[in-house]
Amino acid sequence: GAGVSQSPSNKVTEKGKDVELRCDPISGHTALYWYRQSLGQGLEFLIYFQGNSAPDKSGLPSDRFSAERTGGSVSTLTIQRTQQEDSAVYLCASSPVAPAWREQFFGPGTRLTVL
Amino acid sequence: SQQGEEDPQALSIQEGENATMNCSYKTSINNLQWYRQNSGRGLVHLILIRSNEREKHSGRLRVTLDTSKKSSSLLITASRAADTASYFCATDAITGGYNKLIFGAGTRLAVHP
């Protein structure tokens, strides 16, 4: 079966523009996570979805960041009025729900560059 | 905020040598995972060790966990050039019924032929 896919793989945008990043999780995985990784750094948790709801949005850095998930599958991370500090690799991961602790399966990421 | 801290930040060895990476964390955990990342893209899960386990093996990988010291180590034996990657530990404290992973900054491993 297919793994987690993300699109686009690379995105270059100008400061102030909005961007949308897409994640297709593994079929049947109800948990979906977004992370951000700045150059040479570890992963920063952004948001978690269980089905279509997001019980934990604590990692979103500002109100310019939002995410949604539809049909318990595809998720979109939207960054409005992008800033240069938003430049990073955005990684999506999915996992089965039960048991509560499981490995997460990561997509290849979207490299966002804000000029 | 990052809970795990890997040590060293970078490691350079020759093929055939063993590579040891360490991870320290701050709060109690349910389990700890190690991931590998090639070229700054997607992560691949390597191994998971539960808080009640002390050692676990998978192929050339050996992971230890010392909950009293809040530390873990990843040993790669007989390293190969293909092992060149960044390695991250991630602590997995169940929050609200799901596994929120908190990653360290990683160790960059370079294995030279």
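Refer to the structure above for everything that follows.
Residues numbered from 1 in each chain as written. Chains lettered and ligands numbered in written order. Predicted model: local features only at pLDDT ≥ 70, side-chain atom pairs only at ≥ 80, totals over all residues. Heavy atoms only, no water.

### So, the packing of aromatic side chains
The geometry of an aromatic ring pair is captured by the separation of the ring centres together with the interplanar angle, meaning the angle of the planes.
Residue and element names in this part refer to chain A.
Argument step 1. Summed over all chains, the structure comprises eight aromatic pairs over all chains.
Argument step 2. Here the aromatic rings of tyrosine 33 and tyrosine 35 are separated by 6.4 Å at their centres, their planes lie at 25°, and the arrangement is stacked.
Argument step 3. The exposure class assigned to tyrosine 33 is buried, which follows from its relative accessible area of 1%.
Argument step 4. Overall, tyrosine 35 belongs to the buried group, its relative accessible area being 0%. (Phe/Tyr/Trp six-rings, centres within 6.5 Å; stacked < 30°, edge-to-face > 60°. Buried < 20%, exposed > 50% of the residue type's maximum accessible area, 1.4 Å probe, protein only.)

### Concerning the sheet that holds strand β1 (residues 5-7) of chain A
Where strands meet in a sheet, backbone hydrogen bonds hold them as pairs that are either parallel or antiparallel.
All names here are of chain A.
Argument step 1. Across the sheet, which stays open at both edges, the four strands sit in the order β1-β3-β8-β7 with antiparallel pairing between neighbours. Only two strands of the sheet have a single neighbouring strand rather than two, namely β1 and β7 (65-69). Adjacent strand axes in the sheet meet at a mean angle of 15°, parallel and antiparallel pairs treated alike.
Argument step 2. Relative to strand β8 (residues 75-79), strand β3 (residues 19-24) runs antiparallel, the two sharing five bridges. When the sheet's bridge partners are listed, arginine 22 is paired in β8 with threonine 76. (Pairing = 2+ DSSP bridges. Helix = DSSP H or I, 4+ residues; strand = E, 2+ residues; numbered from the N terminus. Axes fitted to C-alpha atoms, helices over the stretch in contact; angles between N-to-C directions.)

### Regarding the environment of Gly42(B)
Argument step 1. With respect to the helices, strands and loops of the structure, Gly42(B) is situated in the loop between β4 (31-37) and β5 (43-50).
Argument step 2. Put simply, Gly42(B) and Gly106(B) are 64 residues apart on the chain and 14 Å apart in space, counted from C-alpha to C-alpha.
Argument step 3. Ignoring anything within four residues of it in the chain, the contact list for Gly42(B) reads Leu91(A), Phe106(A), Gly107(A), Pro108(A), Arg36(B) and Gln37(B). (Contact = heavy atoms within 4.5 Å.)

### Observations concerning the environment of Glu103(A)
Argument step 1. Along the polypeptide, Glu103(A) turns up in the loop between β9 (88-95) and β10 (105-106).
Argument step 2. Exposure remark for Glu103(A): the relative accessible area of 23% places this residue in the partly exposed category.
Argument step 3. Between the C-alpha atoms of Glu103(A) and Cys92(A), which are eleven residues apart in sequence, the distance is 13 Å.
Argument step 4. Leave out the neighbours within four places in its chain, and Glu103(A) touches Ser94(A), Ser95(A), Gln33(B), Tyr35(B) and His45(B).

### Brief notes about the pattern of salt bridges
Argument step 1. Using the criterion set out here, one finds seven salt bridges over all chains in the structure.
Argument step 2. Its salt-bridge partner being Asp24(A), residue Arg22(A) comes within 2.8 Å of it at the nearest N-O pair.
Argument step 3. Classification of Arg22(A) by relative accessible area gives partly exposed; the value is 38%.
Argument step 4. The class for Asp24(A) is partly exposed, based on a relative accessible area of 22%.
Argument step 5. One salt bridge in this structure joins Glu55(B) and Arg62(B), with 3.1 Å as the shortest N-O distance.
Argument step 6. Glu55(B) gets classed as partly exposed once you look at its relative accessible area, which sits at 41%.
Argument step 7. The structure contains a network of salt bridges with shared partners spanning Arg36(B), Arg60(B) and Asp83(B). (Salt bridge = Lys/Arg side-chain N within 4 Å of Asp/Glu carboxyl O.)

All quantities given are derived from atomic positions and should not be read as evidence of function.
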